[in-house]
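Listed here are the chains, written in short residue letters.
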Amino acid sequence: MSRSLFLDFDGVLLDNKQANQLVSDKVTRFVSKKTRYPIRHAKMINDHFYPIYGHTTKFLNATKLSKDVVTVKEFNEFVYDEETMQQVPNLFGHEDIELYNQWASAVCRLEVDQVHIFSNAPRIWIETCLESIQKHAS
């Protein structure tokens, strides 16, 4: 029988305050851009609605806070743009490498056939973070 392991990325596999803050700041700017509310209000709006809807685009569309329909593609292109992704390799340190090694060891011990990562973030975020941590580890 095939055995699979399902893991959450942000906050579980990756638990880095700087990385979380980088993305959070970009999300707040996106909400501000779409709602035309000042940054301070956009942060409060996102902090309130994100846990309820599970993704920023869902609450922006459901609440009609944005006059236009907002797509996940548009959101990802704004939040995870090239400038943001270039900052990623500078975010990680010893604690991130230790966490990565602990997870890698645990996954090997479990002898699973497949590992699946859950995240609202696009693949480029996950891959860039993991590659950056692996480079720091070697």
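Data block above holds the structure.
As the structure is a computational prediction, the values presented were derived from the model and not from experiment.

Asks: Give a description of helix α6 (residues 94-110) that names residues and reports values.
Replies: For α6, built from 17 residues, the straight-helix expectation of 24 Å at 1.5 Å per residue is met to within 8% by its first-to-last C-alpha distance of 24 Å. If you check which residues of α6 are buried, you get D96, I97, A106 and V107.

Asks: Which residues make up the side chain of N76, and what are the values?
Replies: Among the structural elements, N76 can be located in helix α4 (residues 72-79). Each residue touching N76, except ones within four places of it in the same chain, is listed here: D81 and P122.

Asks: Pulling in residues and values, what's your account of the nonpolar core?
Replies: Ranked by internal contacts, the top residues of the largest apolar core, which has 31 residues, are L14, Y80 and W125. At the level of elements, β1 (4-8), α1 (17-35), α2 (39-53), α3 (56-63), α4, α6 and α7 (123-137) are the ones that each hand at least two residues to this core. Top element by residues in this core is α1. It accounts for six residues. The residues touching W125, leaving out its near neighbours within four places in the chain, are F9, D10, L14, A19, V23, Y80, M85 and V88.

Asks: Describe in detail the packing of aromatic side chains, supporting the description with residues and values.
Replies: Note on aromatic pairs: each is described by the distance of the centres and the angle between the planes. The tally for this structure, following the rule as stated, stands at six aromatic pairs. An aromatic cluster of three or more residues is present, and its members are F30, F75 and F78. Positioned above the aromatic ring of F78 is the side chain of K26, whose terminal nitrogen or guanidinium carbon lies 4.8 Å from the ring centre.

Asks: Quick rundown of the packing of α6 against α7? Include the residues and the values.
Replies: For the pair α6 and α7, interaxial distance at closest approach is 9 Å and the crossing angle is 100°. By the angle between their directions, the pair α6 and α7 is classed as roughly perpendicular. Contacts between α6 and α7 involve D96, I97 and Y100 from the first element and L130, I133, Q134, H136 and A137 from the second. Residue composition of the contact of α6 with α7, by class: five nonpolar, two polar and one charged.

Asks: Account for the pattern of salt bridges, naming residues and giving values.
Replies: Across all of its chains, the model carries five salt bridges by this definition. In this structure, E74 engages K34 in a salt bridge whose closest nitrogen and oxygen atoms are separated by 2.5 Å. You can see E74 sitting in helix α4 and its partner K34 sitting in helix α1, a full 40 residues away along the chain. For K34, a relative accessible area of 16% corresponds to the buried category. For K73, the salt bridge is made with E77, and the minimal N-O distance between the two is 2.6 Å. Taken together, the residues span about one helical turn, with K73 and E77 both in helix α4 at a distance of four residues.

Asks: Summarise unusual backbone geometry; cite the residues concerned and give the values.
Replies: One non-glycine residue, R36, adopts positive backbone phi at about 65°. Within the secondary structure layout, R36 lies in the loop between α1 and α2. At E111, a position not held by glycine, the phi torsion is positive, near 50°.

Reading the values: rules and limits
Residues numbered from 1 in each chain as written. Predicted model: local features only at pLDDT ≥ 70, side-chain atom pairs only at ≥ 80, totals over all residues. Heavy atoms only, no water. Helix = DSSP H or I, 4+ residues; strand = E, 2+ residues; numbered from the N terminus. Expected span 1.5 Å × (residues − 1). Buried < 20%, exposed > 50% of the residue type's maximum accessible area, 1.4 Å probe, protein only. Contact = heavy atoms within 4.5 Å. Core = buried A, V, L, I, M, F, W, Y, C linked by side-chain atoms within 4.5 Å. Phe/Tyr/Trp six-rings, centres within 6.5 Å; stacked < 30°, edge-to-face > 60°. Lys NZ or Arg CZ within 6 Å of the ring centre and 35° of its normal. Axes fitted to C-alpha atoms, helices over the stretch in contact; angles between N-to-C directions. Parallel < 35°, antiparallel > 145°, perpendicular 65-115°, else oblique. Nonpolar A, V, L, I, M, F, W, Y, C, P; charged D, E, K, R; others polar. Salt bridge = Lys/Arg side-chain N within 4 Å of Asp/Glu carboxyl O.

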